[in-house]
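Examining the three-dimensional arrangement
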Amino acid sequence: MSFFRFVGAILFLVAIFGASNAHLSATFYDCTCPNVTSIVRGVMEQRQRTDARAGAKIIRLHFHDCFVNGCDGSILLDTDGTQTEKDAIPNVGAGGFDIVDDIKTALENVCPGVVSCADILALASEIGVALAGGPCWQVLFGRRDSLTANRSGANSDIPSPFETLAVMTPQFTNKGMDLTDLVALSGAHTFGRARCGTFEQRLFNFSGSGNPDPTVDATFLQTLQGICPQGGNNGNTFTNLDISTPNDFDNDYFTNLQNNQGLLQTDQELFSTSGSATIAIVNRYAGSQSQFFDDFICSMIKLGNISPLTGTNGEIRKDCKRVN
C-alpha cells in the first residue's frame, strides 16, 4: 500500500470518527465475546464447503448495507413491504441471509445480545475473502444495528449492474470513496456468480441498439449467449463473474477486463470508458496482485466505517431479521 494511500485512509477514518463520535476498535469484544472471530470463522468455513458463493454473498450484503444509511445491518431487516431493503431493485436475488442467521445463532449461544449484525457482516466479509485466498485485515468492531430500513435509499444509492461509470462515480464519492476505492471494491467480483438478468441486456440489445455491447469480447459473447439465450427462461441461471478462477480471490478479474471479458456492464466500464482514470488502476491491479490486495484492504476498511451507529444509537439485534 502506498504511503499516500495509507495516509488518506487514516484521514478518512479520523474524519468519520470525529463526525459521528464512532469508537470502533479491534478489541471491542475482547471482554464481552472474546471468541467472536473463531465462532464466525467456524460457520463460514462450514458454509464455504457446501457453497462456493458464501463469501461473495456476504461481502455483497456488507457493501449494499454500508451504502444505505451506513453500516448498520439495515439490509438484513424484514420490515413492512414499503421499507424492506431486501426488495429494493439492487438487492433482488441477493443471497447470504441464511448464513448471517447461522452466524447470529452461533454467537447468541455463546455471548447473547453482544455482537451486532452489522459487525457480523464486516467480520464475515473479511473471513470469506481470506478463505477464498484473498488478503486478511484487522476488522474494527462496535457498530450497532438500525431500527429501520431504507428501501428508497437502497434504490438510489447502490449501483445497479447496468450503470455507466459516470453514474457510479458520484455514488461512490457521495460516500467518501474515490475512484481507487471504486475499482478496488469492484475487484470483489473476482469470485461469486451473477444471474443472466444482470447482464443479458449486453448480449442482444445493448442500450436499445438491437446489437450486443461492442465492448464484449466476441468469443466471450458467444459463450454468454449460449448460457443465457434470448427469450430463454434465465431467471435462475447463473454464471461466473470471473471466467478464469471463479472461486478464488485473486487479480484475474482485472486481466479479464483487459481482455473485454468483464461480465457486468459496471465491470467492463472500468476499463472500456475512454479517457477514464480507472483504466490505469485496472492495469496496475492486473499487473500486481499485491497492489490490488493492499488497496482492497484499505477500501474495505473505509467501506466498513461509513456512518456506523455507535454508543447508545440503534441496538444489538437478537435476530438480524427484526428489531428487538
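Everything numeric here is computed off the predicted structure, so don't read it as measured data. (Residues numbered from 1 in each chain as written. Predicted model: local features only at pLDDT ≥ 70, side-chain atom pairs only at ≥ 80, totals over all residues. Heavy atoms only, no water.)

1. Side note on the pattern of salt bridges
In the structure shown here, the tally under the stated rule is 12 salt bridges. E108 serves as the salt-bridge partner of K104, at 3.0 Å between the closest nitrogen and oxygen. Residue K104 and its partner E108 are located together in helix 4 (residues 97-110), separated by 4 residues, close to a single helical turn. Judged by its relative accessible area of 19%, E108 falls in the buried class. One salt bridge connects R202 with D213, and the closest N-O pair in it is separated by 3.0 Å. Taken together, the residues span a long stretch of sequence, with R202 in the loop between strand 1 (193-195) and helix 9 (218-227) and D213 in the loop between strand 1 and helix 9 at a distance of 11 residues. (Salt bridge = Lys/Arg side-chain N within 4 Å of Asp/Glu carboxyl O. Helix = DSSP H or I, 4+ residues; strand = E, 2+ residues; numbered from the N terminus. Buried < 20%, exposed > 50% of the residue type's maximum accessible area, 1.4 Å probe, protein only.)

2. A look at the state of the cysteines
Scanning the model with the defined rule gives 4 disulfides in all. Paired by a disulfide, C66 and C71 hold their sulfur atoms 2.0 Å apart. Residues C66 and C71 are joined through a disulfide that is right-handed, its torsion about the S-S bond being 115 degrees. Looking at C71, the relative accessible area reads 0%, which means it is buried. Shown here is the disulfide that connects C196 with C228, its sulfur atoms set 1.9 Å apart. Torsion about the S-S bond of the C196 and C228 cystine: about -75 degrees, corresponding to left-handed handedness. Residue C196 is located in the loop between strand 1 and helix 9, and its partner C228 is located in the loop between helix 9 and strand 2 (238-240); the two are separated by 32 residues in the primary sequence. C228 carries the same exposure label as C196, and that label is buried. For the protein chain, the bonded cysteines connect in the pattern 1-4, 2-3, 5-8, 6-7 when numbered consecutively along the sequence. The closest cysteine sulfur to the non-disulfide-bonded C136 is located on C298, 16 Å from its own sulfur. Its relative accessible area of 55% is what places C136 among the exposed residues. Between C298, a free cysteine, and C71, which holds the nearest cysteine sulfur, the sulfur-to-sulfur gap is 15 Å. (Disulfide = S-S within 2.5 Å.)

3. A few points about the UniProt feature "site: Transition state stabilizer" (unreviewed entry) in the protein chain
Per the UniProt record, "site: Transition state stabilizer" (unreviewed entry) is found at R60. In this structure, R60 sits in helix 3 (residues 54-66). Taking the relative accessible area as the measure of exposure, R60 reaches 32% and is therefore partly exposed. Not counting residues up to four positions away in its chain, the partners in contact with R60 are P90, N91, V92, G93 and A94. (UniProt positions renumbered as here; feature names shortened; annotations may be inferred. Contact = heavy atoms within 4.5 Å.)

4. Remarks on the domain arrangement of the protein chain
The domain architecture assigned to the protein chain consists of domain 1 (35-157) and domain 2 (165-303). Centre-to-centre separation of domain 1 and domain 2, based on C-alpha positions: 22 Å. Counting residues at the interface gives 22 residues for domain 1, matched by 19 residues for domain 2. Of the roughly 1800 Å² buried at the junction of domain 1 and domain 2 (both faces included), carbon and sulfur atoms supply 73%. Taken as a group, R53, F67 and W137 account for 30% of the area that domain 1 buries against domain 2, more than any other trio of residues on that side. At the junction of domain 1 with domain 2, the criterion picks out 1 salt bridge. Across the domain 1-domain 2 interface, the total number found is 5 residue pairs in polar contact (both at pLDDT 80 or more). Breaking the side of domain 1 that touches domain 2 down by element, the ones donating at least two residues are helix 3, helix 5 (117-131) and helix 6 (151-157). Of the residues forming the side of domain 1 that touches domain 2, the biggest block, 6 residues, is contributed by helix 3. (Domains from an automatic or database assignment. Buried area = accessible area lost by both parts, 1.4 Å probe. Polar contact = N/O pair within 3.5 Å; in protein donor to acceptor, adjacent residues only side chain to side chain.)

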